[in-house]
Amino acid sequence: MILAAFSLLVALPALIWAAAVFDRVGTGRGATVLGPLCNGAALMLRPNTSTEAPDALNRLLAPGWYLALALIGLSVVPLAPGIVASELSTGLVLWGACEALTVVVVFLHGWSPNSPLPLIGAYRYVAIGLPAMLLSMFVLIAAALPAQSLSVVEVVEAQRGLWNVIRQPLGLPLFMGLGLAVTLRGPLDYADGAELAGGTSAEESGPALALWQFARLAMLVAFSAMAASVFLGGYLGPGLPGPVWLLVKTVAVMAATVAAGRWFARTPPARMLTFLWVILLPLSFANLALVGLEVLP
Amino acid sequence: MTDALFLALSALAIWSGWRVFRVDSMVRASFQLMVSFIAVGLIAVLLAAPYIGIATIFMMAVEMMVMALFMVMFMMNPAGLNPMMMVHQHRFAVAAGIAAFAGLVLAVLLSDLPAQPVPADAQVVRALGHELLGPSMLIFETAGVTLLSAMISAVVLSAHSGRYGGSDEGSRPPGLQPGGEPAGRKPDRHDGHHHHHHGGH
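Here the structure is a predicted model, which means the values were calculated and not measured.

**Quick look at the overall build of chain B**
Part 1: For chain B, the helix and strand inventory stands at seven helices and two strands.
Part 2: Helices and strands appear in chain B in the N-to-C order α-α-α-α-α-α-β-β-α.
Part 3: Sorting the 201 residues of chain B into buried and exposed places 17% on the buried side.
Part 4: Looking at chain B alone, contacts between residues at least 24 apart form 46% of all its contacts between residues at least 6 apart.

**Comments concerning the interface of chain B and chain A**
Part 1: Every contact between the two is made by 16 residues of chain B and, on the other side, 19 residues of chain A.
Part 2: Counting only elements with at least two residues in the side of chain B that touches chain A, the list comes to α2 (26-46) and α3 (50-75) of chain B.
Part 3: Among the elements that make up the side of chain B that touches chain A, the one with the highest residue count is α3 of chain B (ten residues).
Part 4: The residue inventory of the side of chain B that touches chain A, partitioned by class, reads 15 nonpolar, one polar and no charged.

**Regarding helix α9 (residues 206-231) of chain A**
Residue and element names in this part refer to chain A.
Part 1: Helix length check: α9 (26 residues) gives 38 Å between terminal C-alpha atoms against 38 Å at 1.5 Å per residue, within 8%.
Part 2: Burial of α9 is extensive: 23 of the 26 residues sit out of reach of the surface.
Part 3: Following α9 by one or two positions, G233 has its phi on the positive side, about 80°.

**Some details on unusual backbone geometry**
Trans peptide bonds make up most of the peptide bonds, and negative phi angles are found at most residues other than glycine.
Part 1: Residues other than glycine seldom take positive phi values, yet N114 of chain A does so here, at roughly 60°.
Part 2: Residue N114 of chain A is classed as partly exposed on the basis of its C-beta count, with 18 C-beta atoms lying within 10 Å.
Part 3: The residue A48 of chain B is not glycine, and still its phi comes out positive at about 60°.

**Remarks on the packing of helix α1 (residues 2-24) of chain A against helix α10 (residues 242-263) of chain A**
Residue and element names in this part refer to chain A.
Part 1: Contact geometry for α1 and α10: axes closest at 10 Å, N-to-C directions at 30°. Here the hand of the crossing between α1 and α10 comes out right-handed. Contacts between α1 and α10 involve A18, A19, F22 and D23 from the former and V251, M254, A255 and V258 from the latter.
Part 2: Each residue belonging to the contact of α1 with α10 can be placed in one class, and the counts come to seven nonpolar, no polar and one charged.

**A word on the packing of helix α3 (residues 56-74) of chain A against α9 of chain A**
All names here are of chain A.
Part 1: Contact geometry for α3 and α9: axes closest at 8 Å, N-to-C directions at 15°. Comparing their axes, α9 and α3 come out roughly parallel. Like other packed secondary-structure pairs, α3 and α9 cross with a definite hand, here left-handed. Residues P63, G64, Y66, L67, A70, G73 and L74 of α3 pack against A208, L211, W212, F214, A215, A218, M219, V221, A222, A225 and M226 of α9.
Part 2: In terms of residue class, the contact of α3 with α9 is made up of 16 nonpolar, two polar and no charged.

**Side note on the nonpolar core**
Part 1: Core analysis: the largest hydrophobic core is formed by 124 residues, its most contacted members being A97, F107, A218 and V221 of chain A together with A61 and M65 of chain B.
Part 2: Sort the elements by how many residues they give to this core and α9 of chain A lands first, with 19 residues.
Part 3: If near-sequence neighbours (up to four positions away) are discounted, M65 of chain B is found in contact with V103, V104, F107, V126 and L130 of chain A.

**Description of the confidence of the model for chain B**
Residues and elements named next belong to chain B.
Part 1: For chain B, per-residue confidence averages 81 on the pLDDT scale, and residues scoring 70 or more make up 80% of the total.
Part 2: When mean pLDDT is taken per element in chain B, helix α1 (residues 2-19) scores highest with 93 and helix α7 (residues 192-197) scores lowest with 47.
Part 3: Per-residue pLDDT stays below 50 along residues 194-201; that stretch engages in two contacts with residues further than four places along the chain or on separate chains.
Part 4: As a predicted assembly, this complex carries a pTM of 0.86 together with an ipTM value of 0.87.

Calculation notes
Residues numbered from 1 in each chain as written. Chains lettered and ligands numbered in written order. Predicted model: local features only at pLDDT ≥ 70, side-chain atom pairs only at ≥ 80, totals over all residues. Helix = DSSP H or I, 4+ residues; strand = E, 2+ residues; numbered from the N terminus. Buried ≥ 20, exposed ≤ 12 C-beta atoms within 10 Å, placed from the backbone. Contact = placed C-beta atoms within 7 Å. Nonpolar A, V, L, I, M, F, W, Y, C, P; charged D, E, K, R; others polar. Expected span 1.5 Å × (residues − 1). Axes fitted to C-alpha atoms, helices over the stretch in contact; angles between N-to-C directions. Left-handed = near helix turned anticlockwise from the far one by under 90°. Parallel < 35°, antiparallel > 145°, perpendicular 65-115°, else oblique. Core = buried A, V, L, I, M, F, W, Y, C linked by C-beta atoms within 7 Å. pLDDT = per-residue confidence, 0-100.

In structure tokens:
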């Protein structure tokens, strides 16, 4: 348990750096490899901005909560057989609670500065984030069915014969939608969009903004590790040791999520809301029903 | 260790529950209530009920977020940051609170609570699943559907009266003088299509 937590904390900064590099590849925003570090250092030297009559406590704490939720979510991912930071019989539910609290934290991040653009971002994000989270829970329940357990360890072990990405082909694409929502990127970034001058981060600067971006990338790492474990067999694989397989799959999901965020068009929030409720949510029901038929004895 | 955690979480639950009625904003009140429920959920985890505990945290996060959103939507306090009074009917509320607290304390003190610890190899999540989808299924499903229909009805009934009259009659602002013509832009007598055919009439 302590070994797993320690390895995660050692690997996380490097993975966050890799995520930041992926975000810059092909965008022409400065140096690709060293740029994120320079930007982070520059932000750390700038002062935090203040707004009129903010909710100072929530404004201060929101980036920290976001990072904490990413770490708690990451802690249920098993690194190798028997090595997991928090060995819970209900790991998938804990991940779901992290998703739900992420919506709350992003809302508080936009609500607390008491400023129009962050507030609009916060409300839009709640409307989109809640259905995205809802459908991810149906997808995760479908992944838990063949394992007959809510524990992520059991879900990985149940994929020894066949990975869930083949057994439940709808699962991973639907779960990627959640990944775009909890990491505030691409077509589901209604919180921090450029059309709101940064949305919930519009009033942020300095270390607070640096921590928020860091937490956002940490959440991308946590989501990718979770998707790799639940759908791509986690540490399972031939030849290489388990943790290396997990690392390779996590980086692959991370790259795919960043690419999906760039590839898919953004829509007005109302249209995205209809799409989520009318098309994607029934698809997740269909996925659950198919998996239920498959595991019937 | 467990005792210290239990006491700290209980204190957090009670303190944040009290703060719900002392803060001046609906959003703050919702999330104070959420903190209180998270503390209760963690106590359930300590009591070897991991599914119920973590599911409480999950449910309450969603529920309080939706509640904050709906309260702000229906009470026309656009941001939820504007200070407002969060309590009303003081005397009745104080009396009801004291009576409920005394009743619950009496119930805890007088009832014979089980004290044997849960065996380490007990499959609590599986047992809960069998209970929920076995003997108690009818009760839970009935209660769930009843609550859902109650929520939808409440929204339909309360959303009907808009700012300028019934919401299904279109929005017509009141007149500038009492009983006068409605203020604002006059709607066209003909719709665009009709107007196009009979231009000049």
